[in-house]
Amino acid sequence: MQILTGTAVSPGIAIAEAVVLDAEELRIPRRMVTKEEIGPEIDELDSALATSIEEIGAQHEDVKHRLGHDAADVFNWHIGVLKDPILRKDIVGLMEGRQYSAAYAVSTVMRGLQRRFMQMKDPLLAERMRDVQDIERRLLRNVLGKSAEDISHLSQEAILVAHDLTTSQTARLSSTKIVGVALDVGGATSHTAILLRSWGKPAVLGLKNLSTHVSGGDTVIVDGLNHMVVAGPDEATLEDYRSKRASFVKLIDALDELREFPAETADGVRVELHGNIEYPFEAGVSRQKGADGIGLYRTEFLFLGDDDPDEEEQYEAYCKAIAGAEGKQVTIRTFDLGADKVTQKKHFEPERNPMLGNRSIRYSLQHLEMFKVQLRAILRAARTGNVRVMFPLLTTLMELRQAKMTLLDAMEDLDEAGIRYGKDIDIGMMMETPAAASQCKEFAREVKFVSIGTNDLIQYLLATDRGNERVSRYYTASHPAVLRTIRDVVRTCVKGGVDCSLCGEMAGEPVYTLLLIGLGLRKLSMAPNNIPEIKKLIRSCSMKKAERVAKRALTFETDAQVTNYLRAETKKLLPDDPI
Ligand code: PEP
Ligand code: MG
């Protein structure tokens, strides 16, 4: 039995057999083999190379016949790569030298080759990267034979163990039989984590090298309440976790009964709880969880599939989310692309430092046509409900002004074309960079509303990549600098008469609820699954108490003191809940 600790990003307990996935969704365990197994593994490799070459040869003939020589030529290149003796030598070298399994050695060598192509200056050669990926997938499939299944075809419940998942891979999980996720990498507010939380099944990230220890078929427990994963549990541990799982399910069912009650403190102060969504259907899920609206619709997820949506497809998606919100307010955030949310095409053009790179509003302002298409779709959809538009990651007032100008341009386009749209749409911004926070007063004069995006605000205030598990201990909402920045932004917005909400992940963490409402926030937006518990907490305290807690929390000098204090105060209100 092995216990590993990481960062729980979605609560609950899952128990099942593991499927181990590599980045290309082939179920290859990253495993080592014994010395005796090396010979047979090399035979497997040789037969996989031969089969792959044969398959490509057949494809070459077929394409040549249908589309001509030029179109078929790329397959000659694929065959050339597979026949290259250096490729085989490198793979066999890893198998003999480090006892890698054939699959693991293939994937290691092919990834190295991909990296080399990716770094090439000549765009034509860089394009070859995709071909190398193609070759890798084919070769792996042939090395793995039958086990090369897609997780969408699982016949029984399983726990997904992987080194990492892309956001688009994560987005597909809801249509599979996966009941829990355990990843080697990732932090609490990475976008993979956000998607996992929305999906609602237990997940723990940042487990370092779990995927090298677990093989497909091993029993695994994902403990999303205590930041742990247990691999190969003994019978007593399994029994214990089965009963913990049953109690958690009971707790969640009891929380759902609060759906019809308002999030109102014991002394009568109403707090609005909104849902954060990535896909339109989640607007309905949010309502089921008792949301007062959609506080953050992350529209960039529309772009993480295989094809980029056109204006009509976007319009339909926005209308669907608006309809799902049943007349409640929907805050549509314009694309926040870049960093860890990249389109399929952009996947192959990584930036050196993407969190500080061409992301979010910068990307939109550099792709004005695409931005305008989105704004037109939002404006048209705004006729169908109560819609606000919000710009992400502003650092300068000029960006805000340019974004507003683009919105006016989009309105003009629609006017000229005689297309009707929601003319009186409110314009707001995410407050998620220290620069914007310190210029809050100036920004507040030019927007109707502000939503504090603490996921990014924390990473930029504390110089800590939100997705990097190696620095996750530095990433905390409890840092006094974070508390003071939130306090100042809320104060400035209240003074300026600007609606202020908070939509970072901390809004859905019970430990921060007293602090946030005590600082004056009256609107919090979070993963829909978090709404019931936050509501329960708000209903069990008074605003007077929350204000006292917030005041005291601001007096501490270290994040550990803040966390301990807030946890103790929260525990007094909900002694039986796992906080
Ligand atoms: C944030 O940064 O807090 C936020 C809500 O936006 P995202 O998580 O999509 O970056
Ligand atoms: Mg953000």
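Preceding this section is the structure that the text describes.
Residue indices begin from 1 for each chain and proceed along its sequence in written order. By the order in which they are written, chains take letters starting at A while ligands take numbers starting at 1. The model is predicted, so local features are restricted to residues of pLDDT at least 70 and side-chain atom pairs to those at 80 or more, both for listing and for counting; the totals for chains, interfaces and linings are taken over all residues. Values reported for side chains reflect all heavy atoms of the structure, with hydrogen atoms and water molecules removed beforehand.

**Focus: the coordination of the magnesium ion (ligand 2)**
Phase 1 of the analysis: Metal sites are built from N, O and S donor atoms within 2.8 Å, or 3.2 Å for Na, K and Ca, and they leave out water, so they may look incomplete. Each protein donor to the magnesium ion (ligand 2) is listed here as Glu 432 (OE) and Asp 456 (OD); together their distances run 2.0 to 2.2 Å. Pair noted here: Glu 432 is in the loop between β13 (426-431) and α15 (434-438) and Asp 456 is in helix α17 (residues 454-461), with a separation of 24 residues, a long-range link. Residue Glu 432 shares its accessibility class with Asp 456, and that shared class is buried. Put simply, DSSP marks the helices as runs of H or I at least four residues long and the strands as runs of E at least two long, and each gets a number from the N terminus on. Type-normalised accessible area, obtained with a 1.4 Å probe on protein chains alone, sets the label of each residue: buried when under 20%, exposed when over 50%, and partly exposed for intermediate values.

**Describing the packing of aromatic side chains**
Phase 1 of the analysis: The rule is short: rings of Phe, Tyr and Trp, with Trp giving its six-membered ring, pair when the centres are within 6.5 Å, and they are stacked under 30 degrees, edge-to-face over 60, tilted in between. With the rule as written, the count across this model stands at seven aromatic pairs.
Phase 2 of the analysis: Centroid distance Phe 303 to Phe 335: 4.6 Å. Interplanar angle 70°. Geometry classified as edge-to-face. Of the two residues, Phe 303 is situated in the loop between β10 (293-298) and α11 (311-324) and Phe 335 in the loop between β11 (329-333) and α12 (361-366); the sequence distance between them amounts to 32 residues.
Phase 3 of the analysis: Using a relative accessible area of 3% as the deciding quantity, one classes Phe 303 as buried.
Phase 4 of the analysis: For Arg 380, the ring lying beneath its charged end belongs to Tyr 315, and the centroid distance is 4.2 Å.
Phase 5 of the analysis: Directly above the ring of Phe 449 sits Arg 388, whose terminal nitrogen or CZ lies 3.6 Å from the centroid. Note on geometry: a ring has a charge over it if NZ (lysine) or CZ (arginine) is within 6 Å of the ring centre and within 35 degrees of the ring normal.

**Focus: the sheet that holds strand β7 (residues 219-223)**
Phase 1 of the analysis: Pairing between strands requires that DSSP locate at least two bridges from one strand to the other. If you trace the eight strands from one edge of the open sheet to the other, you get β1-β8-β7-β3-β4-β5-β6-β2, paired in mixed fashion. Edge positions in the open sheet fall to β1 (2-5) and β2 (7-10), since each of these has one partner strand only. Across this sheet, the average inter-strand angle for adjacent strands is 30°, counted without regard to direction.
Phase 2 of the analysis: Bridge count for strand β5 (residues 178-183) against strand β6 (residues 203-205) is two bridges, and the pairing is parallel. Residue pairing for β6: Ala 182 is matched across the bridge by Val 204.
Phase 3 of the analysis: Note on definitions: a residue-residue contact is assigned when non-hydrogen atoms from the two residues lie within 4.5 Å. Orientation is described by lines fitted to C-alpha atoms, with helices fitted over the stretch in contact, and by angles between N-to-C directions that extend from 0 to 180 degrees. In the packing of helix α9 (residues 235-256) onto the sheet, the strands contacted are β3 (13-21), β7 and β8 (228-231), and the crossing angle to β3 comes to about 115°.

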